[in-house]
Amino acid sequence: MKAVNVGLLGIGNVGGGAYQILGMNAEKIEKAVGAKVNVTKILARDKNKKREGICPEMITDDPDEIINDPEIDIVVEVLGGVEPAATFMLSAMKAGKHVVTANKAAVAARYDELMKTAKENNVEFRFEASVGGAIPVLNAITTVLKGNEITEIMGIVNGTTNYILTKMTDLGLPYEDVLKEAQELGFAEADPTADVEGHDVANKLCILMALAFDKFVAPEDIPTKGISQITAADIEEAKAAGEKIKLIAHAKLEDGNLTYSVAPKRLPNTHPLAGVSNEFNAIYVTGNAAGELMFYGRGAGPLPTGSAVVGDIMEIAKLVK
Ligand code: HSE
């Protein structure tokens with residue numbers, strides 16, 4: 001039985017989390033897959049930076065050393081941003097590698113091309129970690145819920161903004177202080193504008209809609225409003241009315257017509273999504289057979305997001321071992 005070799009493109013928050021999980025749960029993973037899963041090469045900008053627990057010989061600053069390595073079975077892209085991430089993934093697929101990514105911006109921006117290239121090259125392409133961190137919502141939508149017509153999705157899918165809104169609401173903390181904290185905890189994007197202006201949520205809603213409704217809507221075509229204009233007064237006003245402000249990704253199918261938006265909404269405290277706090281995410285899905293379901297968990301952070309990346313690696317590893 002051969003070992004399954006993985007090349008990591010990136011070793012930031014998510015890459016570091018996935019690497020840590022593959023090490024700390026190695027025995028369990030080997031048993032479940034039926035083969036060892038080894039990270040053999042890692043792409044990093046700074047080759048010479050010391051990284052605890054990572055052997056320096058594994059690090060390269062040349063993506064081709066991973067993409068064209070005949071020993072590597074699975075390329076894991078965790079660089080973030082559309083480019084060069086998308087080009088690396090497409091090249092890896094063309095080189096016959098299976099691809100796993102956590103990169104919602106790249107998946108949303110190049111969805112059709114990535115799906116088509118994976119199919120043409122007969123390779124697996126998995127991106128569970130791109131929506132909702134640890135929450136296996138994409139798996140659920142594409143497998144056990146496939147027999148449903150999904151009629152509505154309502155989600156809190158950005159950990160940073162949910163963390164900010166929670167701390168502003170519960171502790172009355174100022175927006176800037178909480179954003180800084182979210183960045184330190186590894187929740188925020190490299191440029192947190194994508195979080196606070198709702199673009200990250202639009203990317204995730206685009207992916208959810210493509211899988212749930214089989215309809216691709218480019219993120220820039222999703223009406224999007226973030227939370228940067230929410231004031232302490234808005235939060236107090238909602239509180240006084242027994243409501244919470246949440247940044248909601250919403251898509252609804254009615255009479256064959258799909259409507260969608262990303263916007264802050266006031267939800268009554270009794271709404272299931274109002275109880276979703278801090279970096280937690282939740283996706284409320286309605287299917288015409290299953291009824292209402294709520295998927296809840298940590299939507300950001302190295303280990304939760306790494307958990308979904310590792311799950312995808314393992315599903316592919318089972319096929320290639
Ligand atoms: N910046 C994102 C968030 C990371 O805060 O949810 C996870 O996609």
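In case you missed it, the structure is sitting above this.
The shown structure was predicted, so the numbers you read here are calculated from the model rather than taken from an experiment.

Chemist: Which parts of the structure should I look at to understand the overall build of the protein?
Modeler: Of the regular secondary structure elements, the protein holds 13 helices and eleven strands. For a compact globule of 321 residues, the expected C-alpha radius of gyration is about 20 Å, and the protein comes in at 20 Å, within 12% of that figure. Along the longest, intermediate and shortest principal axes, the C-alpha atoms of the protein span 60 × 45 × 35 Å. Taking all contacts inside the protein whose residues are at least 6 apart in sequence as the whole, residues at least 24 apart take part in 69%.

Chemist: Teacher, can you tell me more about the environment of Arg45 here?
Modeler: Tracing the chain through its elements places Arg45 in the loop between strand E2 (37–43) and strand E3 (59–60). Among the residues examined, Arg45 registers a relative accessible area of 83% and is labelled exposed.

Chemist: Help me understand the packing of aromatic side chains, please; the structure alone is not making it clear to me.
Modeler: To describe a pair of aromatic rings, you give the distance between the ring centres and the angle between the ring planes. Within this structure, the stated rule accounts for five aromatic pairs. Summarising the aromatic geometry, the rings of Tyr111 and Phe216 are spaced 5.8 Å apart at their centres and angled 15° between planes, so their arrangement reads as stacked. Here Tyr111 is found in helix H6 (residues 111–120), whereas its partner Phe216 is found in the loop between helix H11 (199–212) and helix H12 (232–240), with 105 residues between them in sequence. Since its relative accessible area comes to 32%, Phe216 is described here as partly exposed. Ring geometry for Phe280 and Tyr296: centres 5.1 Å apart, planes at 10°, overall stacked. Pair noted here: Phe280 is in strand E10 (residues 280–287) and Tyr296 is in strand E11 (residues 291–298), with a separation of 16 residues, a long-range link. Taking the relative accessible area as the measure of exposure, Phe280 reaches 19% and is therefore buried. Take Tyr296: its relative accessible area is 46%, and that puts it in the partly exposed class.

Chemist: What am I meant to see in a negative patch on the surface here?
Modeler: Taken together, Asp46, Asp61, Asp64 and Glu65 make up a surface patch of like negative charges. Overall, the relative accessible area of 39% leaves Glu65 in the partly exposed class.

Chemist: How do you make sense of the pairing of strand E7 (residues 150–156) when you look at a structure like this?
Modeler: Taken residue by residue, a regular strand's side chains alternate between the two faces of the sheet. Counting buried positions along E7 gives six out of seven residues, so the element sits mostly inside the fold. Two elements, E7 and E10, share six bridges in a ladder whose sense is antiparallel. Residue pairing in the sheet places Ile156 in a bridge with Ala282 of E10. Note: E7 against strand E8 (residues 243–254), four bridges, orientation antiparallel. When the sheet's bridge partners are listed, Glu152 is paired in E8 with Lys252.

Chemist: When you look at the site of the ligand in this model, what are you seeing that I'm missing?
Modeler: Taken together, Lys104, Asn158, Gly159, Thr160, Phe187, Ala188, Glu189, Asp195, Asp200, Lys204, Gly299 and Ala300 make up the full set of residues adjacent to the ligand. One nitrogen or oxygen atom from the main chain of Phe187 is found 2.7 Å from a nitrogen atom belonging to the ligand. A distance of 2.7 Å separates a nitrogen atom of the ligand from a polar side-chain atom of Asp195. In the complex, 94% of the free accessible area of the ligand, which totals 260 Å², lies under the protein chains. When contributions to the shell around the ligand are tallied by element, the ones reaching two or more residues are helix H8 (159–171) and H11.

Cut-offs and rules
- Residues numbered from 1 in each chain as written.
- Predicted model: local features only at pLDDT ≥ 70, side-chain atom pairs only at ≥ 80, totals over all residues.
- Heavy atoms only, no water.
- Helix = DSSP H or I, 4+ residues; strand = E, 2+ residues; numbered from the N terminus.
- Rg over C-alpha atoms; globule rule 2.2 N^0.38 Å.
- Contact = heavy atoms within 4.5 Å.
- Buried < 20%, exposed > 50% of the residue type's maximum accessible area, 1.4 Å probe, protein only.
- Phe/Tyr/Trp six-rings, centres within 6.5 Å; stacked < 30°, edge-to-face > 60°.
- Patch = residues over 30% accessible without salt bridge, like charges linked within 9 Å, V, L, I, M, F, W, Y side chains within 5 Å.
- Areas by Shrake-Rupley, 256 points an atom, 1.4 Å probe, with all protein chains shown as cover.
- Salt bridge = Lys/Arg side-chain N within 4 Å of Asp/Glu carboxyl O.
- Lys, Arg positive; Asp, Glu negative; His and termini not counted.
- Charge placed at Lys NZ, Arg CZ, Asp CG, Glu CD.
- Pairing = 2+ DSSP bridges.
- Near = heavy atom within 4 Å.
- Polar contact = N/O pair within 3.5 Å; in protein donor to acceptor, adjacent residues only side chain to side chain.

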